[in-house]
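# Chain and residue survey
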Amino acid sequence: MCIRDRATIIRDSLYDVIALDALALDLISTPEFVRLQGVKQLGFCYRVWPGATHTRFEHSLGVYALMQRALRTLLARAETRAALAVTADDLRTLLAAALLHDVGHYPFSHAIEELGHPIAPHEQTGRHAIEDGHIAPVLERHGLVPARVADLVDPPRDRPLEPTDALLLRLLSGPLDV
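Turning next to the overall build of the protein chain. Summing up its helical and strand segments, the protein chain has 11 helices and two strands in all. Along the protein chain, helices (α) and strands (β) appear in the sequence β-β-α-α-α-α-α-α-α-α-α-α-α when read from the amino end. By the compact-globule yardstick of 16 Å for 178 residues, the protein chain fits well, its C-alpha radius of gyration being 16 Å. Principal-axis analysis of the C-alpha atoms places the extent of the protein chain at approximately 50 × 40 × 30 Å.

A word on the pairing of strand β2 (residues 16-20). When strand β1 (residues 8-12) meets β2, the two strands line up antiparallel, connected through five bridges. Note on β2: the bridge partner recorded for Ile10 is Ile18. Linking two consecutive strands that pair antiparallel, namely β1 and β2, is a turn of three residues.

Overall, the coordinates contain 11 salt bridges when judged by the stated rule. Notably, a salt bridge pairs Arg159 with Asp151, separated by 3.0 Å at the nearest N-O pair. Take Arg159: its relative accessible area is 41%, and that puts it in the partly exposed class. Classification of Asp151 by relative accessible area gives buried; the value is 6%. Here the salt bridges share partners, and the residues they tie into one network are Arg127, Glu131, Asp151, Asp154, Arg157 and Arg159.

Glancing now at unusual backbone geometry. If you check the backbone angles, Asp16 has positive phi at about 65 degrees while not being a glycine. Tracing the sequence through the fold places Asp16 in strand β2.

Another aspect to go through is helix α10 (residues 146-153). Every α-helix winds through 3.6 residues per turn, so residues three or four apart in the chain are directed the same way. Most of α10 sits inside the fold, with six of its eight residues counted as buried. Buried positions along α10 lie against α6 (88-100), α8 (122-132), α9 (135-141) and α11 (163-172).

Where a protein is soluble and globular, its nonpolar side chains tend to be buried together. Core analysis: the largest hydrophobic core is formed by 43 residues, its most contacted members being Leu27, Leu99, Ile130, Leu139 and Leu172. Sorting the residues of this core by element identifies β2, α1 (22-28), α4 (56-76), α6, α8, α9, α10 and α11 as the ones contributing at least two each. Apart from residues lying up to four places away in sequence, Leu27 is in contact with Phe33, Ala96, Leu99, Leu100, Ile135, Val138 and Leu139.

As a further point, take the environment of Leu75. Topologically, Leu75 is positioned in helix α4. Sequence separation of Leu75 and Val86 is 11 residues, and the distance between their C-alpha atoms is 9.7 Å.

In this section: α11. Every buried residue of α11 is listed here: Asp165, Leu168, Leu169 and Leu172. Take α11 and look down its axis: the buried residues cluster within an arc of 110 degrees, on one side only. Buried residues in α11 make contact with α4, α6 and α10.

Here is what the cut-offs are and how they apply
- Residue positions are given per chain, counting from 1 as you read along its sequence in written order.
- Given that the model is predicted, a residue must reach a pLDDT of at least 70 before its local features are reported, and side-chain atom pairs must reach 80 or more before they are shown or counted; all residues, however, enter totals for whole chains, interfaces and linings.
- Think of the side-chain values as coming from all heavy atoms in the structure, minus any hydrogens and water.
- Secondary structure follows DSSP: runs of H or I at least 4 residues long count as helices, runs of E at least 2 residues long count as strands, and numbering of each begins at the N terminus.
- Computation of the radius of gyration draws on C-alpha atoms alone. For the globule rule, the value is 2.2 Å times the number of residues to the power 0.38.
- For two strands to be treated as a pair, DSSP must find at least two bridges joining them.
- Throughout this description, the term salt bridge denotes a Lys or Arg side-chain nitrogen within 4 Å of a carboxyl oxygen of Asp or Glu.
- Accessible area is worked out with a 1.4 Å probe on protein chains only. A residue is then buried under 20% of its type maximum, exposed over 50%, and partly exposed in between.
- Between two residues, a contact is recorded if the distance between any of their heavy atoms is within 4.5 Å.
- Among buried residues, those of type Ala, Val, Leu, Ile, Met, Phe, Trp, Tyr and Cys that are joined through side-chain atoms within 4.5 Å constitute a nonpolar core.
- Arc definition: directions from the helix axis to the C-beta atoms.

Everything listed here is a matter of coordinates, which is why it stays silent on function.
Here it is in structure tokens:
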């Protein structure tokens, strides 16, 4: 299953080993994802605490690692696996969305987003990056639908999600999300 496929690993200070499959490796190589290395996760905290250098790149890898763990735990139980009724493509879509959930962040994003119009929320900017940038061909090459991944990052306001995606979205964004 996709959760066990391993092309390489990344060492992380918090999660130690994060296993990346071919899809994840291709996604983190896109310009949209690489730019997250320069986007600070902690906003202006580094001005007061210079050692606070956590980036959106690191954060996104951590969310991906937590989603892998959550899915392994859920799928390890037969009754949960049967109740979820998800396909391998569903899981790969969710893992891609977990990795890409912050791809639209601006520098100091939350502070900037609070300025309001004309600043679009980072989820909408992320949708654009997923559907219209270098990410879409990567997802398509791996058999995934960019619009579906984008729907998990930026849920549509004009139509309901498919029931499976509405369920999976709760793992990525909700009261008990990863």
